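# A structural walkthrough
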Amino acid sequence: VRVEPHPVFRRERNDLLAVLDVGIHEAALGARIPLATPEGEVRLRVPPGTQPGRKFRIKGQGIAKGERRGDQLVAVTVSLPEKLTPEAEEALKEFADKAGMAH
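The sections below set out a description of the structure shown in this document.

The rules behind each value
- Residues numbered from 1 in each chain as written.
- Predicted model: local features only at pLDDT ≥ 70, side-chain atom pairs only at ≥ 80, totals over all residues.
- Heavy atoms only, no water.
- Helix = DSSP H or I, 4+ residues; strand = E, 2+ residues; numbered from the N terminus.
- Core = buried A, V, L, I, M, F, W, Y, C linked by side-chain atoms within 4.5 Å.
- Buried < 20%, exposed > 50% of the residue type's maximum accessible area, 1.4 Å probe, protein only.
- Contact = heavy atoms within 4.5 Å.
- Salt bridge = Lys/Arg side-chain N within 4 Å of Asp/Glu carboxyl O.

### Concerning the environment of Glu 94
If you trace the backbone, Glu 94 turns up in helix H2 (residues 86-99). Residues Glu 94 and Leu 20, 74 residues apart in the sequence, show an inter-C-alpha distance of 28 Å.

Now the structure itself:
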């Protein structure tokens, strides 16, 4: 038996791993993001200050084996804009100044 790769989920034992790409504003400010699970869509709460690579666990959304069901792990990636408008660039510089970040 050969199992084909799934376009969204990767299996790790009884757990499923998915990657969630969020915008820089969602990672910094927090958001509720729609997310596919084997049982349907849920809204994952991404707290303010979420860093790239952080993993969230959704209990009971993995592979069922006997009476135990695995979890769904969600790894966050943060997408950055490739180009900024002059206004967005100025806003980002202002943000960096107010947050005490060097630019």
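### Focus on the nonpolar core
Looking at soluble globular proteins, one finds that nonpolar side chains tend to be buried together. If you look at the biggest cluster of nonpolar residues, it comprises 11 residues: Leu 20, Val 22, Ala 27, Ile 33, Leu 35, Leu 44, Val 46, Phe 56, Ile 58, Val 74 and Val 76. Listed by contribution, the elements that provide at least two residues to this core are strand E2 (15-23), strand E3 (31-37), strand E4 (40-46), strand E5 (55-58) and strand E8 (72-79). Apart from residues lying up to four places away in sequence, Val 22 is in contact with Ala 27, Ile 33, Val 76, Thr 77, Val 78 and Ser 79.

### Description of the pattern of salt bridges
Proximity of charged atoms lets side chains of opposite charge pair with each other. Under the criterion given, the structure shown has six salt bridges. Where Asp 15 meets Arg 57, a salt bridge forms, and the shortest distance between an N and an O atom there is 3.9 Å. Within this pair, whereas Asp 15 is found in strand E2, its partner Arg 57 is found in strand E5, the two being separated by 42 residues in sequence. Residue classification places Asp 15 among the buried positions, given a relative accessible area of 17%. Classification of Arg 57 as partly exposed rests on a relative accessible area of 46%. In this structure, Arg 57 and Asp 71 form a salt bridge, with 3.0 Å as the shortest nitrogen-oxygen distance. Of this pair, Arg 57 sits in strand E5 while Asp 71 sits in the loop between strand E7 (68-69) and E8, and the two are 14 residues apart along the sequence. The exposure class of Asp 71 is buried, given its relative accessible area of 6%. Salt bridges sharing partners connect three or more residues here, namely Asp 15, Arg 57 and Asp 71.

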